[in-house]
Amino acid sequence: LEDGALERTQIALRCGLHAVCLFPAMHRYAVQDPRAEAIIQAAAGHRGRAVFVHCGVLTVGIRKKLGLPSPFDMRYSNPLDLHRVALSYPQLNFVIPHFGAGFFREALMLADLCPNVYLDTSSSNSWMRYEGMDLKTVFRRAMDVVGATRLLFGTDSSFFPRGWNDQIFEAQTRAFLDLGISDTDARLMLEGNLVRLFGVAEP
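Residues numbered from 1 in each chain as written. Predicted model: local features only at pLDDT ≥ 70, side-chain atom pairs only at ≥ 80, totals over all residues. Heavy atoms only, no water.

**Remarks on the overall build of the chain**
Along the chain, the regular secondary structure elements total ten helices and five strands. The C-alpha radius of gyration computed for the chain amounts to 17 Å, which stays within 12% of the reference 17 Å derived for 203 residues, consistent with globular compactness. Counting only C-alpha atoms and orienting by the principal axes, one finds that the chain spans roughly 50 × 45 × 35 Å. When each of the 203 residues of the chain is scored for burial, the buried share is 44%. The long-range fraction of contacts in the chain, counting pairs at least 24 apart against all pairs at least 6 apart in sequence, stands at 71%. When the accessible surface of the chain is split by element, carbon and sulfur atoms take 55% of a total near 11000 Å². (Helix = DSSP H or I, 4+ residues; strand = E, 2+ residues; numbered from the N terminus. Rg over C-alpha atoms; globule rule 2.2 N^0.38 Å. Buried < 20%, exposed > 50% of the residue type's maximum accessible area, 1.4 Å probe, protein only. Contact = heavy atoms within 4.5 Å. Areas by Shrake-Rupley, 256 points an atom, 1.4 Å probe, with all protein chains shown as cover.)

**As for the nonpolar core**
Proteins that are soluble and globular tend to have nonpolar side chains buried together. One finds Leu22, Ile40, Val51, Val53, Leu82, Phe94 and Phe99 to be the most contacted residues of the largest nonpolar core, which totals 48 residues. Other than its neighbours up to four places away in sequence, Val53 contacts Leu22, Pro24, Val31, Leu82, Phe94, Val95, Ile96 and Pro97. Counting residues in each nonpolar core, the second largest holds seven residues, with Val95, Tyr118, Leu197 and Phe198 among its members. (Core = buried A, V, L, I, M, F, W, Y, C linked by side-chain atoms within 4.5 Å.)

**Observations concerning the packing of helix α1 (residues 5-14) against helix α3 (residues 34-44)**
Interhelical geometry of α1 versus α3 gives an angle of 15 degrees and a closest axis separation of 10 Å. As summarised for this structure, α1 and α3 are arranged roughly parallel, according to the angle between their axes. Between α1 and α3 lies a crossing whose hand is right-handed. Contacts from Ala5, Leu6, Thr9, Gln10 and Leu13 of α1 reach α3 at Ala38, Ile39, Ala42 and Ala43. Across the contact of α1 with α3, the residue classes break down as seven nonpolar, two polar and no charged. (Axes fitted to C-alpha atoms, helices over the stretch in contact; angles between N-to-C directions. Parallel < 35°, antiparallel > 145°, perpendicular 65-115°, else oblique. Left-handed = near helix turned anticlockwise from the far one by under 90°. Nonpolar A, V, L, I, M, F, W, Y, C, P; charged D, E, K, R; others polar.)

**Some points on the sheet that holds strand β1 (residues 19-22)**
Remark on secondary structure: sheet strands pair via backbone hydrogen bonds, oriented parallel or antiparallel. Taken together, five strands build an open sheet; the order of strands is β1-β2-β3-β4-β5 and the sheet is parallel. Bordering the open sheet on either side are β1 and β5 (151-152), each of which pairs with just one other strand. Here β1 runs beside strand β2 (residues 50-53); their pairing, made up of four bridges, is parallel. Each bridged residue has a counterpart across the sheet, and for Val20 the counterpart in β2 is Val51. (Pairing = 2+ DSSP bridges.)

**Considerations on helix α8 (residues 135-146)**
With twelve residues, α8 extends 16 Å between its outermost C-alpha atoms, agreeing within 8% with the 16 Å of an ideal straight helix rising 1.5 Å per residue. Looking at α8, one finds that the buried residues are Leu135, Val138, Phe139, Ala142, Met143 and Val146. One face of α8 carries all of its buried residues, which in axial projection span an arc of 125 degrees. Positive phi appears at Gly147, one or two residues downstream of α8, with a value of about 75 degrees. (Expected span 1.5 Å × (residues − 1). Arc of directions from axis to C-beta.)

**Notes on empty space enclosed by the protein**
Tallied over the entire structure, the rule returns one cavity of 30 Å³ or more. Counted as a void, the largest cavity has a volume near 60 Å³. Around the largest cavity, the lining residues are Pro24, Tyr29, Ala30, Val31, Val53, His54, Cys55, Tyr76, Asn78, Pro79, Asp81 and Leu82. Its residues assigned to classes, the lining of the largest cavity comprises nine nonpolar, two polar and one charged. (1 Å grid on protein atoms, 1.4 Å probe; cavity = no way out; pocket = protein on both sides within 12 Å on 5 of 7 lines; lining within 4 Å. Points joined across faces, edges and corners; volume = space filled by probe spheres on them.)

**A look at helix α6 (residues 104-113)**
Among all positions of α6, only Phe104, Glu106, Ala107, Leu108, Leu110 and Ala111 are buried. Buried residues along α6 sit against α5 (83-88), β3 (93-96), β4 (117-120), α7 (128-131) and α8.

**Structural notes on a nonpolar patch on the surface**
Taken together, the side chains of Val57, Met74 and Tyr130 present a nonpolar region at the surface, about 270 Å² in accessible area. By the element assignment, Tyr130 lies in helix α7. With relative accessibility at 48%, the residue Tyr130 sits in the partly exposed group. (Patch = residues over 30% accessible without salt bridge, like charges linked within 9 Å, V, L, I, M, F, W, Y side chains within 5 Å. Salt bridge = Lys/Arg side-chain N within 4 Å of Asp/Glu carboxyl O.)

**Considering the pattern of salt bridges**
Per the stated rule, a full pass over the model turns up five salt bridges. Linking Asp73 and Arg75 is a salt bridge whose minimum nitrogen-to-oxygen distance equals 2.5 Å.

Shown next, in the form of structure tokens:
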């Protein structure tokens, strides 16, 4: 963690930042590191904030295209590393993206033990090839453990040139249909949970 990270985070939170994003493997630190926990504590001091913690496999497409190395440290990628921290700040919500990105079992364990942990569904979830699962199986198992109320829809859409990732949206909503997920649960995952997470009133 860089010098001044806490001060910059505090300023951003006061200015209305909704979520703090942590990438322990990318920047090579443990989420239990006192410097990281100070940032988490700062977020906990503001209502309607969350901490996004990237776990599991991490790739940065633009670095691959440019032939740049990605000196990430997978020792800091396990969602279970967040267990004590999440329990210590029950008023703060945590988001684990990509169903744990290869640590699916561990992400489910963490979310089962910590009611303030959400899983996000974003990306192509290519990690599924490590476990021989398809998207429908992933959604079914996640809903069996955490229910529809702590799953957050995401596609990994971004700025130009990628734009809106319609293929991922279509794959995920097709999985909903194949599983017979109710309209109520689908709306929670697609919209309602995120609205509730940040305390934003629905229109």
